[in-house]
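Here is what each chain is made of, one letter per residue.
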Amino acid sequence: MKVRILVRLKPGVLDPQGRAVHHSLDGLGFEGVEDVRIGRMIELDVADGTSDESLNSMCEKLLANMVIEDYTIEKLETAGAA
Amino acid sequence: MAFRAAVVTFPGSNCDRDMACALELVSGTAPIRVWHGDADLPDNLDFIALPGGFSYGDYLRSGAMAANSPIMRSIVVAAERGVPVLGVCNGFQVLTESGLLPGALMRNASQNFICRTVPLKVENTQSLFTGGYDAGAVIDIPVAHHDGNYFADEATLDRLEGDGRVAFRYQAPVNGSRRDIAGILNASGNVLGMMPHPERAVEDAHGGTDGRRLFESVIGELVGA
């Protein structure tokens, strides 16, 4: 089973990278960009049936820093289902 | 009694030798060098230092991989038992990632790597690490980091301030740190994490010796008493 984990800075935590990219988009002339936030995507290939509890634990112990980041878990189709 | 210190080396540490030299210079005894993959610490340690560098190439987040290395499990146990632990720069990042200190160290607000000597106010001159500084002292210590922007929520910051756990504060904004925090103590006062490098300010040839008193404080407290 493929699992896609998105790790993002919590709302309210200043994102210096996002701000710099926002500035560059402005500089390129793109109008109407309200905000830019940069996160990280992690794809895992795990055994089918890996529990949500286990996935959450992976995120909270290592993949995200819960002081500054939130995460979401998205389960993708298994290879055999295609 | 000889001062029995350990300096930990992770893959990517690059200030471990500087830290070992500073400890030997001040204490007269060379520290034991410990490798990240060791499961156990040497017995009867007086002091553990986590040095600066880029452990595990800063993969995932600065300090995140090192915080989960075999030696860190033993260091967490030792710290909870009261063994003094100093983390400098990447060592501070490892201490926050391991949960021994609150908060997190984010990318500098300027996005730039910052490498210069900065003035620091010693906010707490009663701690194990800072007892040798005069009240209100301002010291010059080098910083060299990309991820030194200290973040914690307001409640945590208030608690740190209220409990005298802010050890060092930048005298002017350096990297975007909340409340210009440069170094903090744990609740018991035996763990100090700081972004500036005291081990780079212990000899005249360094251009300043303001960091020396930190090592003198902790070594004096532990050995001289």
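For clarity, every value in this text was computed on a predicted model and none was experimentally measured. Throughout, a residue's number is its position along its own chain's written sequence, starting from 1. To read the labels, note that chains go from A and ligands from 1, taken in the order they are written. Local features are withheld for residues below a pLDDT of 70 in this predicted model, meaning they are given only at 70 or higher, and side-chain atom pairs are given and counted only at 80 or more; totals for whole chains, interfaces and linings count all residues.

Draft legend 1. Looking closely at the overall build of chain A. Each helix is a run of H or I in the DSSP string that is no shorter than four residues. Each strand is a run of E no shorter than two, and both are numbered from the N terminus. If you tally the helices and strands in chain A, you get two helices and three strands. Across its three principal directions, the C-alpha atoms of chain A cover 45 × 35 × 15 Å. Here a residue counts as buried when 20 or more other C-beta atoms fall within 10 Å of its C-beta, as exposed when 12 or fewer do, and as partly exposed in between; the C-beta atoms come from the backbone. Counting only residues that meet the buried cut, chain A has 9% of its 82 residues in that class. Contact between two residues is assigned whenever their backbone-derived C-beta positions fall within 7 Å. Contacts spanning at least 24 positions in sequence make up 70% of the contacts within chain A whose residues lie at least 6 apart.

Draft legend 2. Fine view of the interface of chain A and chain B. Listed by partner, the interface residues are eight residues for chain A and 12 residues for chain B. In terms of residue count, helix α1 (residues 16-27) of chain A provides more of the side of chain A that touches chain B than any other element does, three residues in total. Its residues assigned to classes, the side of chain A that touches chain B shows six nonpolar, two polar and no charged. All residues other than Ala, Val, Leu, Ile, Met, Phe, Trp, Tyr, Cys, Pro, Asp, Glu, Lys and Arg, Gly among them, are scored as polar; the first ten of these are nonpolar and the last four charged.

Draft legend 3. Region of interest: the nonpolar core. Residue and element names in this part refer to chain B. By our criterion, buried Ala, Val, Leu, Ile, Met, Phe, Trp, Tyr and Cys residues that link up through C-beta atoms within 7 Å make up a nonpolar core. Counting 71 residues, the largest nonpolar core has V7, L23 and A49 as its most contacted members. Per-element tally for this core: the top contributor is helix α1 (residues 16-27), with five residues. For L23, the residues in contact, after removing those within four places along its chain, are A5, V7, P31, A49 and F215.

Draft legend 4. Region of the structure containing the confidence of the model for chain B. As a per-residue quantity, pLDDT reports the predictor's confidence and falls between 0 and 100. On average, residues of chain B score 96 in pLDDT, and 99% of them are at 70 or above. Across the interface, the model reports ipTM at 0.83; the global pTM reads 0.93.

Draft legend 5. Up close: the environment of T209 of chain B. All names here are of chain B. In this structure, T209 sits in the loop between β11 (191-194) and α5 (212-224). For T209, a count of 14 C-beta atoms within 10 Å corresponds to the partly exposed category. Taking the C-alpha atoms as reference, T209 lies 8.5 Å from P198; in sequence the two are 11 residues apart. With residues up to four places along the chain from it excluded, the contact list for T209 reads A201, V202, E203 and D204.

Draft legend 6. Inspection of the pairing of strand β1 (residues 2-9) of chain A at higher detail. Residue and element names in this part refer to chain A. At least two bridges found by DSSP between two strands are what make those strands a pair. With six bridges joining them, β1 and strand β2 (residues 40-45) adopt antiparallel strand pairing. Its bridge partner being in β2, R4 is matched across the sheet by E43. One ladder, built from seven bridges, connects β1 with strand β3 (residues 69-75); its direction is antiparallel. Within β3, the position partnered with I5 by the bridge is I73.

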